[in-house]
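# Reading the structure
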Amino acid sequence: MNRLTLIIPCYNSSSFIQNSFATLDNFISTRSQISLFFIDDCSADNTFELLSSLQKKSLNAARIQVQKNKINLGKGGTLKRGITEIKDGLIAFTDPDLAYDLENLDNFYSTISPKQILIANRVHPDSRYLVPPQFFRYIFTRHLSSRFLNLLGRTFLVERLEDSQAGLKMFFAEEIKPLLKLSCKNGFSFDLELLCIAQNNAIKIIQMPVNFRYDHETTTVSFLGDAMKLFSDLFHLYLRKTSGKYKLNRK
């Protein structure tokens, strides 16, 4: 049975992290092969202190790590740090708000094989959204914007990719860790870069249906800013890919 470490990068998550911790703690209590690795990215609130306290009280404390970055690394940089510190077995990562049902991990775990990276695909025909009525007015605009960015990613970086930014992925540690030295992105575009690097090094991308909860909304300014940054990063990633910088052992 493969060990699975679930990395949860956190930043200013104190308003909901206790509920997320309780859900995760309960989930792994019936799954002895799963460990949790929380990494706080220098939050301005008391996320780290809350996590540390919760970890000490947990009956699964031996399978839960809580660490804090010395400096702010960004989501991608925090994930890189976590992946690097895990010796072997399977690695998955997800966001601390747990928008993806944890039962998705069971499906990923029973499906994955060597030389694969499994990723959530929110537009898969078998995926399901749980959306409260008050968010109906947001989801169409966000969906169209996401489809455009994914079209660009699919055209220039990763073939047949349908959902580059979905926050749930799983892979074998020993296959992905050597590829991290090819990565240059530490922000939200790290996910897309990781998939590009994986595909360029003979790791197959498997897009999985998921159950997803959409119950909070970023501001329009924040959303547009993130989208523009991702667009800029996509162009940079394309230049690196075409120059051969995402291949190991280049001659």
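Everything below is about the structure printed above this text.
Presented here is an overview of the structure given in this document. (Residues numbered from 1 in each chain as written. Predicted model: local features only at pLDDT ≥ 70, side-chain atom pairs only at ≥ 80, totals over all residues. Heavy atoms only, no water.)

### Considerations on the overall build of the chain
The test is simple: Note on conventions: DSSP H or I runs of at least 4 residues are helices, E runs of at least 2 residues are strands, and numbering of each starts at the N terminus. Only protein chains enter the accessibility calculation, which uses a 1.4 Å probe; a residue is then buried when its area is under 20% of its type maximum, exposed when over 50%, and partly exposed in between. Here, two residues are considered to be in contact whenever any of their heavy atoms come within 4.5 Å of each other. Under the convention used here, a 1.4 Å probe and the Shrake-Rupley method define accessible areas, while residue burial counts only the protein chains that appear.
Helix and strand counts for the chain come out as 8 helices and 9 strands. For the chain, with 251 residues in total, the buried portion stands at 49%. Put simply, 83% of the contacts in the chain that link residues at least 6 apart link residues at least 24 apart. Working note: accessible area of the chain is about 12600 Å², and carbon and sulfur atoms make up 56% of it.

### What to know about unusual backbone geometry
Notably, cysteine 42 is not glycine yet its phi reads approximately 55°, a positive angle. Inspection of the secondary structure puts cysteine 42 in the loop between strand S2 (34–40) and helix H2 (47–57). Unlike most non-glycine residues, arginine 160 shows phi in positive territory, near 60°. Tracing the backbone through its elements, the reader meets arginine 160 in the loop between helix H5 (136–156) and strand S7 (168–172).

### Regarding the sheet that holds S2
Quick note on the threshold: Between any two strands, pairing holds if DSSP finds at least two bridges. To define axes, lines are fitted to C-alpha atoms, for helices over the stretch in contact only, and angles between the resulting N-to-C directions are given on a 0 to 180 degree scale.
On the basis of which strands lie adjacent, the open sheet formed by 7 strands has the order S3-S2-S1-S4-S7-S5-S8 and mixed pairing. Taken across any chain shown, the strands that pair with only one partner, and hence form the sheet edges, are strand S3 (64–68) and strand S8 (204–208). Direction aside, neighbouring strands of the sheet carry axes that sit 20° apart on average. Where strand S1 (residues 4–10) lies against strand S4 (residues 90–94), 4 bridges are found, and the strand directions are parallel. Considered in S4, the bridge of leucine 4 is made with leucine 90.

### Concerning the side chain of asparagine 60
Relative to the assigned elements, asparagine 60 resides in the loop between H2 and S3. If sequence neighbours within four positions are ignored, asparagine 60 has contacts with Asp25, Ile28 and Ser29.

### A closer look at the nonpolar core
Note the cut-off: Remark: nonpolar core denotes a set of buried residues (Ala, Val, Leu, Ile, Met, Phe, Trp, Tyr, Cys) joined through side-chain atoms within 4.5 Å.
Ranked by internal contacts, the top residues of the largest apolar core, which has 38 residues, are Leu24, Leu36, Phe38, Tyr100, Leu105, Phe108 and Met170. Not counting residues up to four positions away in its chain, the partners in contact with tyrosine 100 are Thr94, Ala120, Arg122, Ala166, Gly167, Leu168, Val210, Asn211 and Phe212. Ile86, Leu180, Ile205 and Leu234 belong to the second-largest nonpolar core, a separate cluster that totals 32 residues.

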